[in-house]
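Coordinate analysis (summary)
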Amino acid sequence: TNVTTQRLACPKCIQLGITPTYFCSQGCFKTNYSNHKQVHSLAKQILAASNSASHRKTPPRDGVSCDPSASAEQRLKLPIWAQNYDFTGTLRPALYSPRRTVPSSIRKPDYANHISGVSDSEQRDRASNTTIRVYTSEELDGETGLRHACRMGREVLDIAGKALRPGVTTDEIDRIVHEATVERQCYPSPLNYYNFPKSVCTSINEVICHGIPDYREIQDGDIVNIDVTTYNAGGYHGDLNETFCVGKVDSEGKHLVQTAFQCLSAALERVKPGTLYRDLGTSIHKVASANKCSVVRTYCGHGIGSLFHTAPNVPHYHKNKAKGTMKVGHVFTVEPMINLGVPGDSTWGDNWTAVTTDGKRSAQFEHTVLVTENGYEILTGREGEPVMEWKPELITR
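Here's what I pulled together on the structure shown here. (Residues numbered from 1 in each chain as written. Predicted model: local features only at pLDDT ≥ 70, side-chain atom pairs only at ≥ 80, totals over all residues. Heavy atoms only, no water.)

1. What about the overall build of the protein?
Condition: The secondary structure listing takes helices from DSSP runs of H or I that are at least 4 residues long and strands from runs of E that are at least 2 residues long, numbered from the N terminus. In this setup the radius of gyration rests on C-alpha atoms only. A globule is expected at 2.2 Å times the number of residues raised to 0.38. For the exposure calls, accessible area comes from a 1.4 Å probe over protein chains only, and a residue counts as buried if that area is under 20% of its type's maximum, exposed if over 50%, partly exposed in between. The contact criterion used is simple: two residues touch if any of their non-hydrogen atoms lie within 4.5 Å. Reported accessibility uses the Shrake-Rupley method at a 1.4 Å probe radius. Residues are deemed covered only where the shown protein chains occlude them. Just so you know, the count uses Lys and Arg for positive and Asp and Glu for negative, and it drops His and the chain ends. Here the site of a charge means atom NZ of a Lys, CZ of an Arg, CG of an Asp or CD of a Glu.
Tallying secondary structure elements over the protein gives 9 helices and 18 strands in all. For the protein, the C-alpha radius of gyration of 21 Å lies close to 21 Å, the compact-globule estimate for 397 residues. Each of the three principal axes of the protein carries a C-alpha extent, and together these read 70 × 50 × 40 Å. Burial statistics for the protein: of 397 residues in total, 55% are counted as buried. Within the protein, contacts between residues at least 6 apart in sequence are counted, and of these 70% link residues at least 24 apart. Counting every atom, the protein has about 17,600 Å² of accessible surface; 50% of that belongs to carbon and sulfur. For the protein, the centre of its 44 positive side-chain charges and the centre of its 42 negative side-chain charges are spaced 4 Å apart.

2. Quick notes on the side chain of Thr298
Our working definition: What qualifies as a polar contact is a pair of N or O atoms within 3.5 Å, subject to a donor-acceptor requirement within protein and to the restriction that residues adjacent in sequence count only when both atoms come from side chains.
By secondary structure assignment, the location of Thr298 is in the loop between strand E9 (294-295) and strand E10 (299-303). A distance of 2.5 Å separates polar atoms of two side chains, one belonging to Thr298 and the other to Asp345.

3. Let's talk about the environment of Asn320
With respect to the element layout, Asn320 can be found in the loop between strand E11 (310-314) and strand E12 (331-334). Taking the C-alpha atoms as reference, Asn320 lies 37 Å from Ala94; in sequence the two are 226 residues apart. Other than its neighbours up to four places away in sequence, Asn320 contacts Arg278, Gly281 and Pro315.

4. Focus on the packing of helix H6 (residues 146-163) against helix H7 (residues 170-183)
Our working rule: Throughout, an axis means a line fitted to C-alpha atoms (over the contacting stretch in the case of helices), and angles, computed between N-to-C directions, take values from 0 to 180 degrees. Should an angle fall under 35 degrees it is taken as roughly parallel, and over 145 as roughly antiparallel, whereas 65 to 115 is taken as roughly perpendicular and any remaining angle as oblique. Should the near helix be turned counterclockwise from the far one by less than a right angle, the crossing is left-handed, whereas a clockwise turn marks it as right-handed.
Where H6 contacts H7, the two axes come as close as 9 Å, and the packing angle between them is 150°. Judged by the inter-axis angle, H6 sits roughly antiparallel to H7. Judged by the twist between their axes, the crossing of H6 over H7 is right-handed. Where H6 approaches H7, its residues Val156, Ile159, Ala160 and Ala163 are matched on the opposing element by Ile173, Ile176, Val177, Ala180 and Thr181.

5. Observations concerning the pairing of strand E7 (residues 223-231)
Every other side chain in a regular strand lies on the same face of the sheet, so the side chains alternate between the two faces. Counted only if it meets this: Strand pairing follows a simple DSSP-based rule, namely that at least 2 bridges must link the two strands.
Within E7, 9 of the 9 residues are buried, which leaves the element mostly enclosed by the surrounding structure. Here E7 shows a buried face lined by Ile223, Asn225, Asp227, Thr229 and Tyr231 and a second buried face lined by Val224, Ile226, Val228 and Thr230. Where strand E4 (residues 187-188) and E7 come together, 2 bridges link them in antiparallel fashion. Within E7, the position partnered with Pro188 by the bridge is Thr230.

6. Examining the sheet that holds E9
Spatial ordering of the open sheet is given by E9-E13-E16, a layout of 3 strands whose pairing is antiparallel. Each edge of the open sheet carries a strand with a single partner, namely E9 and strand E16 (362-364).

7. Observations regarding unusual backbone geometry
For the bond running from Ala311 to Pro312, omega is 5°, close enough to zero to count as cis. Mapped onto the fold, Pro312 is located in strand E11. Positive phi, close to 70°, is recorded for Asn195, a residue that is not glycine. Inspection of the secondary structure puts Asn195 in the loop between E4 and strand E5 (201-204). A positive phi is found at Lys319, a non-glycine position, where the angle reads about 60°. As for its placement among the helices and strands, Lys319 is situated in the loop between E11 and E12.

8. Some remarks on the pattern of salt bridges
Where we set the bar: Whenever Lys or Arg places a side-chain nitrogen within 4 Å of a carboxyl oxygen from Asp or Glu, that contact is recorded as a salt bridge.
As enumerated under the stated definition, the model contains 22 salt bridges in all. The salt bridge involving Asp171 is made with Lys198; its shortest N-O contact spans 3.2 Å. With Asp171 in helix H7 and Lys198 in the loop between E4 and E5, this pair connects stretches of sequence that are 27 residues apart. Of the two residues, Asp171 and Lys198, neither departs from the other in class, the shared state being buried. Among the salt bridges present, the one from Asp279 reaches Arg270, with a minimum N-O distance of 3.8 Å. One continuous salt-bridge network, built from bridges that share partners, spans Arg154, Asp158, Glu242, Arg382, Glu385, Glu389 and Lys391.

Note that all results are geometric; they support no functional claim without further evidence.
Structural data, given as structure tokens:
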């Protein structure tokens, strides 16, 4: 998911559990960090003093995570940022488990070990790239080419989706995604991307996107989006997501999920050489409006491949000003976020979780697609399903 506007909070402040300082850009962050980090030194001294008398099994004091062996009461505590937060809906976060590790043998993207999770290759691309990349058959069809990355993503999402049921935590879904990804000799692309702390995004009910997996148990009647991206040994990302109905979801929730599916399907029908990228938003808008739903404007689809996010930007709303015309070999995601209420969004104090401003539910489906001579190919599609087919039994848990 690409975001059109984003505040940059200091990740070290968040890790330490102190009120974060915000920066206007990556350049601003780099210029001022040497002075700002003095705040971190002071905070560490204070934390060290308070921890000195603690039992060795005391959970980490970063304010957002704790060990899985902690008591249920501890795991379900509100993160420090949420204790006086004004939520738009009924969903509340819990603490989450410490960051999972990836074996050294797995190829990693350039942001995997960056202190701020910055992708230098994406930054260079944004500064200098004026074209949309055309992928060759060798890049697509190699043993660890782009098709392979997308196929791995499909397999991982299917495994994660089968694990969904009432009572399972999204932290457990994160563990399943992480292990399934590593088993396929891939890196879970979300992990440490601009310091995202987990290997998958799990977005429940009013969460639009970028939900952080935690110890909260999924409830009967929840709608849950699982957003998976895998980075393979060839250096390619494959990105997709689906929204699942868990238990007895009400008719309004089911209607929303089906509408989100139909919005993506309608957009993909427009994909072919010569189509303007901005035209996909019109198709999505028509389906959403006909079903009395709205389209989120802040987040958009994006080019993908050797970079997690690159050109083109693919807005999902009507009358957008996206640049570019589709050509054979273009690879990008389409991922409309559809709301039951107003299209507005806000971001939780974790600086990631995007939620509806009215607290009503949101749903989303996403595919990575390739423009072909005759139209398109869904690179992240189910086997034997060249076009999207609405089969509610596949997303009902």
